[in-house]
Amino acid sequence: MTAVQTPSIADRPRYDCRDAYVATLAELAEADHRIVGVVNDSVGSSKLNSFRKAFPDRLINVGIAEQDMVGVASGLANGGRIPFVSAASCFLTGRALEQIKADVAYSNTNVKLCGMSPGVAYGELGPTHHSIEDIAWLRAIANMTVIVPADPIETAAALRWAAASQGPVFIRVSRMSVPQVYGDDYEFRIGQAITVRAGDDVTLISNGTVLWRALAAAEQLEAEGISARVLSMPTVKPLDVDAVVAAARETAGIVTAEEAVPGGGLGGAVAETVVQHHPARVTMLGIDEFAPTGSAGYLLDRYGLSADGIADAARKLLNPSKLLSPGS
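Computed from a predicted structure; not experimentally measured. (Residues numbered from 1 in each chain as written. Predicted model: local features only at pLDDT ≥ 70, side-chain atom pairs only at ≥ 80, totals over all residues. Heavy atoms only, no water.)

Peer 1: Help me understand the pairing of strand β5 (residues 112–116), please; the structure alone is not making it clear to me.
Peer 2: For a regular strand, side chains alternate in direction, first toward one face of the sheet and then toward the other. In terms of residue burial, β5 counts as a mostly covered element, since five of its five residues are buried. Burial of the side chains of β5 extends over both faces: Lys-112, Cys-114 and Met-116 are buried on one face and Leu-113 and Gly-115 on the other. (Buried < 20%, exposed > 50% of the residue type's maximum accessible area, 1.4 Å probe, protein only. Helix = DSSP H or I, 4+ residues; strand = E, 2+ residues; numbered from the N terminus.)

Peer 1: Explain the packing of aromatic side chains to me, please; I cannot follow it from the model alone.
Peer 2: For any pair of aromatic rings, the description rests on two quantities: the centre-to-centre distance and the angle between the ring planes. What the rule picks out here adds up to three aromatic pairs. Judged by centre distance (6.0 Å) and plane angle (65°), the rings of Trp-161 and Phe-188 are edge-to-face. One end of the pair, Trp-161, is in helix α7 (residues 152–164); the other, Phe-188, is in the loop between β8 (178–179) and β9 (194–197), with 27 residues separating them in the sequence. For Trp-161, a relative accessible area of 23% corresponds to the partly exposed category. Residue Phe-188 is classed as buried on the basis of its relative accessible area, which comes to 7%. Considering the side-chain rings of Tyr-182 and Tyr-186, the 4.2 Å spacing of their centres and the 25° angle between planes classify their relative orientation as stacked. Tyr-182 sits in the buried class, given a relative accessible area of 2%. On the basis of relative accessible area, Tyr-186 is assigned to the buried category, the value being 15%. The cationic tip of Arg-14 hangs over the ring face of Trp-212; the distance from NZ or CZ to the ring centre is 4.3 Å. (Phe/Tyr/Trp six-rings, centres within 6.5 Å; stacked < 30°, edge-to-face > 60°. Lys NZ or Arg CZ within 6 Å of the ring centre and 35° of its normal.)

Peer 1: What am I meant to see in the sheet that holds strand β14 (residues 281–285) here?
Peer 2: Within a beta sheet, neighbouring strands are joined by backbone hydrogen bonds and run either parallel or antiparallel to one another. The strand order across the open sheet built from five strands is β9-β11-β10-β13-β14, with neighbouring strands paired in mixed fashion. Here the strands that pair on one side only, and so sit at the sheet edges, are β9 and β14. Neighbour-to-neighbour, the strand axes of this sheet turn through a mean angle of 25°, independent of strand direction. Sheet topology places β9 next to strand β11 (residues 228–232); three bridges connect them, and they run antiparallel. In the sheet register, Ile-194 faces β11, and the bridge partner there is Ser-232. Where helix α8 (residues 211–223) meets the sheet, it contacts β9, β10 (202–206) and β11, and its direction lies at approximately 170° from that of β11. Strands in contact with helix α9 (residues 241–250) are β10, β11 and β13 (253–257); relative to β11, the strand with the most contacts, it is inclined by about 170°. (Pairing = 2+ DSSP bridges. Axes fitted to C-alpha atoms, helices over the stretch in contact; angles between N-to-C directions. Contact = heavy atoms within 4.5 Å.)

Peer 1: What exactly am I supposed to notice about the pattern of salt bridges here?
Peer 2: Side-chain pairs of opposite charge can arise whenever the charged atoms involved come near each other. Within this structure, the stated rule accounts for 14 salt bridges. One salt bridge connects Asp-134 with Arg-172, and the closest N-O pair in it is separated by 2.8 Å. On the criterion of sequence distance, the pair formed by Asp-134 in helix α6 (residues 134–139) and Arg-172 in strand β7 (residues 169–173) is long-range, its members being 38 residues apart. Between Arg-197 and Glu-222 there is a salt bridge, with the nearest N and O atoms lying 2.5 Å from each other. One end of the pair, Arg-197, is in strand β9; the other, Glu-222, is in helix α8, with 25 residues separating them in the sequence. Three or more residues joined by partner-sharing salt bridges are found here, namely Asp-16, Arg-18, Asp-19 and Lys-47. (Salt bridge = Lys/Arg side-chain N within 4 Å of Asp/Glu carboxyl O.)

Peer 1: Is there a simple way to think about helix α3 (residues 66–78) in this case?
Peer 2: Residues three or four positions apart in an α-helix share a direction because the helix packs 3.6 residues into each turn. In this model α3 runs 19 Å from its N-terminal to its C-terminal C-alpha over 13 residues, within 8% of the 18 Å that 1.5 Å per residue would give. Restricting attention to buried positions, one finds in α3 the residues Glu-66, Met-69, Val-70, Ala-73, Ser-74 and Ala-77. The buried residues of α3 occupy an angular sector of 135° when projected down its axis, which confines them to one face. Away from the buried face of α3 by more than 90 degrees, exposed residues Asp-68 and Asn-78 are located. Turning to α3, the residues buried within the fold contact β2 (35–39), β4 (82–88), α4 (89–95) and α5 (97–106). Positioned one or two residues after α3, Gly-80 has a phi angle of 100°, which is positive. (Expected span 1.5 Å × (residues − 1). Arc of directions from axis to C-beta.)

Peer 1: Where do I start with the environment of Asn-207 in this structure?
Peer 2: By secondary structure assignment, the location of Asn-207 is in the loop between β10 and α8. C-alpha of Asn-207 to C-alpha of Ala-257: the two residues are 50 residues apart in sequence and 7.7 Å apart in space. With residues near it in sequence (within four places) discarded, Asn-207 still touches Val-148, Met-233, Pro-234, Val-236, Ala-257, Glu-258 and Leu-266.

Peer 1: Help me out: how do you make sense of the side chain of Arg-229 in this one?
Peer 2: Position of Arg-229 relative to the elements: it lies in strand β11. Other than its neighbours up to four places away in sequence, Arg-229 contacts Thr-195, Arg-197, Ala-198, Gly-199, Asp-200, Val-202, Thr-203, Leu-204, Ala-246, Ala-247, Glu-250 and Thr-251.

Peer 1: Explain the environment of Pro-279 here, please?
Peer 2: Within the secondary structure layout, Pro-279 lies in the loop between α10 (266–277) and β14. Remark: the alpha-carbon pair of Pro-279 and Val-22, spanning 257 residues in sequence, is separated by 42 Å.

None of the figures reported here should be taken as evidence of function without further support.
As structure tokens, then:
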């Protein structure tokens, strides 16, 4: 696993990963005529206007018809194209789950599903637009690779990997601005965690928009003399079992933090691995209810997915007696 230095993560400039998505998709399409985009009347929200201008005959807009969108993409893949399906993750994975299961995964077609604005990015639009179940739903489907990039560098690298690989892939593409975690030399490897911060006391495992918050939590803990290992887990399926088992063996326990339902998601995957290979204490942070309306930042704070919340979960894991203390 590659160590990455990440000082003062909260002070870095923030980026919209959709910009990296469209730039990389255009780069891939320029090099490979098989690359096409398929959308559900979401050209604007996917930031694909420049792609449509550059490749007007290679962006198929099916309208607000997500099931048709996935079916069309499967047909294109069967015809030798490499379709990148771009749609709000809540509608892509919710409305078209049967087509994802039957037309894409069961048929093992070469379709790349790109869930835009996942998690609670549409905060003020409320529970109908929160996409917190998508990872758990798709992780349960055979043949499906599930990737949750943490920054624009990793988003671009994951797209390049998906274009060069064969078979179904789901990639979460963040709308919420995030700092750059990785350097320009970052290389995405499927099923491999990255140690973005070394530590021996406790392990924080995260991905997506929450990874940088886990790094900020580790900085807080360091100031208190607590050494927190931070593992980036961009691939939820397949999971890096070796990295999880090493964390369970070498530190006092694991805190998982994700912008999603932890049961069945990253937290569930880590807990399943620990139970099977090396039992250890695991605290799973995530959003395990119909989250209310509110800004994305407010919602992350509400569910303990801030730097303060993650650091507090680590403290309690290291000192379980705090869980029983009045007012803790």
